[in-house]
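Coordinate analysis (summary)
Take a look at the letters that make up each chain.
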Amino acid sequence: MTLLIIIGIIAVLVIWLVAIYNTLVSLRNHRENAFADIDVQLKQRHDLIPQLLGAVKGYMEHERGTLESVTNARTRAINATGINEKIAAEQELGTALKGLNIQVEAYPDLKASQNFMQLQNEISDIENKLAAVRRFFNSATKELNIAVQKFPNTIFAGMFGFKTEPMFDLGETQRVELDKAPEIKF
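What this report covers is the structure whose coordinates are included nearby.

Rules of the game
Residues numbered from 1 in each chain as written. Predicted model: local features only at pLDDT ≥ 70, side-chain atom pairs only at ≥ 80, totals over all residues. Heavy atoms only, no water. Phe/Tyr/Trp six-rings, centres within 6.5 Å; stacked < 30°, edge-to-face > 60°. Helix = DSSP H or I, 4+ residues; strand = E, 2+ residues; numbered from the N terminus. Buried < 20%, exposed > 50% of the residue type's maximum accessible area, 1.4 Å probe, protein only. Contact = heavy atoms within 4.5 Å. Polar contact = N/O pair within 3.5 Å; in protein donor to acceptor, adjacent residues only side chain to side chain. Arc of directions from axis to C-beta. Core = buried A, V, L, I, M, F, W, Y, C linked by side-chain atoms within 4.5 Å.

This brings us to the packing of aromatic side chains. Aromatic rings considered in pairs are described by the distance between their centres and by the relative angle of their planes. For the coordinates displayed, the defined rule picks out 6 aromatic pairs. Ring centres of Phe35 and Phe168 lie 6.3 Å apart, and the angle between their planes is 25°; this geometry places the pair in the stacked category. In this pair, Phe35 sits in helix α1 (residues 2–57) while Phe168 sits in the loop between α6 (153–160) and α7 (172–179), placing the two residues 133 residues apart along the sequence. Plain terms: the ring middles of Phe137 and Phe168 are 6.4 Å apart, the flat faces sit at 90° to each other, and that makes the pair edge-to-face. Remark: Phe168 occurs in the loop between α6 and α7 and Phe137 occurs in helix α5 (residues 114–149); sequence separation between them is 31 residues. Given a relative accessible area of 3%, Phe168 falls into the buried group.

What follows is the structure in structure tokens.
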């Protein structure tokens, strides 16, 4: 009788550990799938940037530093491999694109160009889609992180190779800019 109780307790513990492991694997895969959605939008963004830069180059020849920083940031973003490296590279690219948009403000002829306007609209659309898939990714990451940090999962998560993962956030430079009050000009 005692042997059956011990076997029953061991069986329950094994089933419980398998359930924890399967939950963590499912959440990790959900997060990776969410990042795959981001990758699709990032690919479209990366493909549009050379076209945008081509439209801008003629107008902004003396703003070569800005154009080069966008090009270099795009190259780093394309070559990034892991999820965390891609997040950092995309934050840098977002900052570089914001700098380009600020420079464009000084060129009214460029802003009126039909080709430039179409590219700006396409990039704006992709940025909106990126914001949506980032929210989905961050939600999946939050679910995984909660599961990894919950007791008793936290005891076994490290043994199974699970850890808390970073969110896809704005990055420090964009966060500082968002903390500033907007400047309104008439």
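Our next topic: unusual backbone geometry. The residue after Phe151, namely Pro152, is reached through a cis peptide bond having omega 5°. With respect to the helices and strands, the residue Pro152 is situated in the loop between α5 and α6.

This brings us to the environment of Pro152. Classification of Pro152 as buried rests on a relative accessible area of 18%. The residues contacting Pro152, other than those within four sequence positions of it, are Trp16 and Ile20.

This brings us to the side chain of Arg74. Mapped onto the fold, Arg74 is located in helix α2 (residues 64–79). A polar contact of 2.6 Å, which involves the side chain of Arg74, links it to the backbone oxygen of His46.

Before going further, it helps to examine α6. All buried positions along α6 are accounted for by Asn153, Phe156 and Ala157. Mapping the buried residues of α6 onto a view down its axis gives an arc of 115°, with all of them on the same face. The outward face of α6, more than 90 degrees from its buried face, is lined by the exposed residues Gly158 and Met159. Gly161, located one to two residues past α6, shows a positive phi value of around 90°.

Formed by 27 residues in total, the largest nonpolar core has its most connected members in Ile38, Val70, Leu100 and Phe137. Taken together, the elements giving at least two residues each to this core come down to α1, α2, α3 (83–104) and α5. Per element, the largest residue contribution to this core is 8 residues, and it comes from α1. Among the nonpolar cores identified, the runner-up in size contains 10 residues, and Val25, Leu27, Leu144 and Ala157 belong to it.

Limitation: the analysis is restricted to geometry and does not speak to function.
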